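# What the coordinates show
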Amino acid sequence: QVQLAESGGGSVQAGGSLRLSCAAGEFIRSVYCLAWFRKTPGKEREWVGYAYNYDTIGYADSVKGRFTISKDDVKNALYLQMNSLKPEDSAIYYCAAATFHCNVYDYWGQGTQVTVSS
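In this report, the structure presented in the accompanying data block is examined. (Residues numbered from 1 in each chain as written. Predicted model: local features only at pLDDT ≥ 70, side-chain atom pairs only at ≥ 80, totals over all residues. Heavy atoms only, no water.)

### A short note on the state of the cysteines
As a reminder, the rule being used: By convention in this document, the label disulfide applies to cysteine sulfur atom pairs within 2.5 Å. Secondary structure elements are defined from DSSP: runs of H or I of at least 4 residues count as helices, runs of E of at least 2 residues count as strands, and each element is numbered from the N terminus. Accessibility here uses a 1.4 Å probe with only protein chains present; expressed as a share of the type maximum, an area under 20% marks a residue as buried, one over 50% as exposed, and anything in between as partly exposed.
Evaluation of the coordinates by the stated rule reveals two disulfides. Residue pairing for C22: its cysteine sulfur links by disulfide to C95, the two sulfurs lying 2.0 Å apart. Taking the sign of the S-S torsion, 55° for the link of C22 and C95, the bridge is right-handed. Highlighted residues: C22 in strand β3 (residues 18-23) and C95 in strand β9 (residues 91-98), separated in sequence by 73 residues. Comparing C22 with C95, the two get one shared label, buried. Paired through a disulfide, C33 and C102 show a sulfur-sulfur distance of 2.3 Å. Its torsion about the S-S bond being 115°, the disulfide of C33 and C102 is classed as right-handed. One end of the pair, C33, is in strand β4 (residues 33-39); the other, C102, is in the loop between β9 and β10 (107-108), and 69 residues separate them in sequence. Owing to a relative accessible area of 0%, C33 belongs among the buried residues under this scheme. Residue classification places C102 among the buried positions, given a relative accessible area of 12%. Described in terms of the sequence order of its bonded cysteines, the disulfide pattern of the protein chain is 1-3, 2-4.

### Notes on the nonpolar core
The criterion, for reference: Nonpolar cores were defined as sets of buried Ala, Val, Leu, Ile, Met, Phe, Trp, Tyr and Cys residues, with membership established by side-chain atoms within 4.5 Å. The contact criterion used throughout is that any non-hydrogen atoms of two residues lie within 4.5 Å.
Of all hydrophobic cores here, the largest spans 27 residues; its most connected members are W36, F67, L80, M82 and Y93. Looking at this core, the elements with two or more residues in it are β3, β4, β5 (46-52), β7 (67-72), β8 (77-82), β9 and β11 (112-117). Residues in contact with F67, not counting those within four places in the same chain, are R38, V48, Y59, L80, Q81, M82, N83, L85, D89 and Y93.

By themselves, these observations are geometric and do not establish any function.
Here's what the structure looks like:
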């Protein structure tokens, strides 16, 4: 069974950094697309960015230049390095995997909370 497990969340002051990890097992080598999403109460789930087709990475405009996605096929992990954090980045962050297309995510982690204080 495919399992995704996020870690690395926590509380940080504005301007600080956090690095989220998503452990995916060997499964990570066979998926087409891996992505990060975030969810804040009362708001729609927001796509943060993805890595697909081995080396293509994309970001939402709201995080571009501050967040960096990377993938480690040896450690079977996806990462989200978050710098220059803002209070509006506070959310539960989820990693997700798509088997065939980046528009349809088949597997989700349980999420990790990120809180940024001003």
